[in-house]
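Residues per chain, in single letters:
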Amino acid sequence: MTQPSGSAETVLLIDDDPQSCIAVHAELSAAGYMVLTLPGKTVSTDAARVLSPSVVLLNSTLDGVDSLEICRSFRRSEHTRRLPLIMLTTKASESEAVRSLEAGADDHVVKPVHARELVARIRALLRRVGRIPILQTTLTVGDLVIDSQSRIARCGENLLNLTRTEFRVLELLASRQGSVVSRTELTAVLATSAHEADRAVNSCISALRLKLSGEKHSIQTVRGFGYRLAKLVHIA
């Protein structure tokens, strides 16, 4: 994924269909939006909070995942309850629209998506909500403190000198409180292209491990799944 220059609005696309993702990504990128994509199975309110999108596009048909429940979970969480969300539905029916809106969607668009209509609806929704940001909080895991507003991370008295992407990755790992974060989620945070994804994730994790060296936390690899932030029992 390529990030446009300037302060482009960010769109989080939750979709399992590669062809659909490619089409929507191309259309929105051409309109000046930065597009991040996640499959339904890896979506969480924590990931959405860290990614801080301006708007979410949620496909109503996901593989083995209830998209309406994803929508409801966004509305239950204090971090994402005000996040603008558009459901991409497959049926042009009143009942389909009602189900989406009752689950908490702000709007719905019938697929196949037409670029001009989608861009117009996104712009209209952002105007309507006044670009209300996702609520940011301070994360504390042991002596690790991450201030999302000031973008400062500390381990005890030690200030961590992190890049923007390193900060966002560490924030996502800390938000899971020791649970695993998938490589797919990390790829979305890094906003990199598909062919560079593995290298970008590996490079960022290596840099974070180096900067956490000697501290009371480490990033563990969970083979086949991803990574988690763990507290060390002993410091060498």
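It should be noted that the structure appears before, not after, this text.
Residues numbered from 1 in each chain as written. Predicted model: local features only at pLDDT ≥ 70, side-chain atom pairs only at ≥ 80, totals over all residues. Heavy atoms only, no water.

Focus on the overall build of the protein chain
Next up, step 1: Along the protein chain, the regular secondary structure elements total eight helices and twelve strands.
Next up, step 2: Across the protein chain, every contact between residues at least 6 apart in sequence was considered, and the portion connecting residues at least 24 apart equals 60%.
Next up, step 3: Only carbon and sulfur atoms are counted for the fraction: they give 50% of the accessible area of the protein chain, which is about 11800 Å². (Helix = DSSP H or I, 4+ residues; strand = E, 2+ residues; numbered from the N terminus. Contact = heavy atoms within 4.5 Å. Areas by Shrake-Rupley, 256 points an atom, 1.4 Å probe, with all protein chains shown as cover.)

Here's the deal with the environment of Lys211
Next up, step 1: Inspection of the secondary structure puts Lys211 in helix H8 (residues 197-211).
Next up, step 2: Lys211 sits 50 residues away from Asn161 along the chain, and the two C-alpha atoms are 7.7 Å apart.
Next up, step 3: If we skip the residues at most four places from it in the chain, Lys211 touches Leu160, Asn161, Leu162, Thr163 and Glu166.
Next up, step 4: Among the polar contacts listed, one links the side chain of Lys211 to the side chain of Glu166, at a separation of 2.6 Å. (Polar contact = N/O pair within 3.5 Å; in protein donor to acceptor, adjacent residues only side chain to side chain.)

Considerations on unusual backbone geometry
Next up, step 1: Residue Pro112 is reached from Lys111 by a cis peptide bond, and omega for that bond is 0°.
Next up, step 2: Along the chain, the position of Pro112 falls in the loop between strand S5 (107-110) and helix H5 (115-129).
Next up, step 3: The backbone of Ser52 sits at a positive phi, close to 50°, despite the residue not being glycine.
Next up, step 4: Judged by its relative accessible area of 28%, Ser52 is partly exposed. (Buried < 20%, exposed > 50% of the residue type's maximum accessible area, 1.4 Å probe, protein only.)

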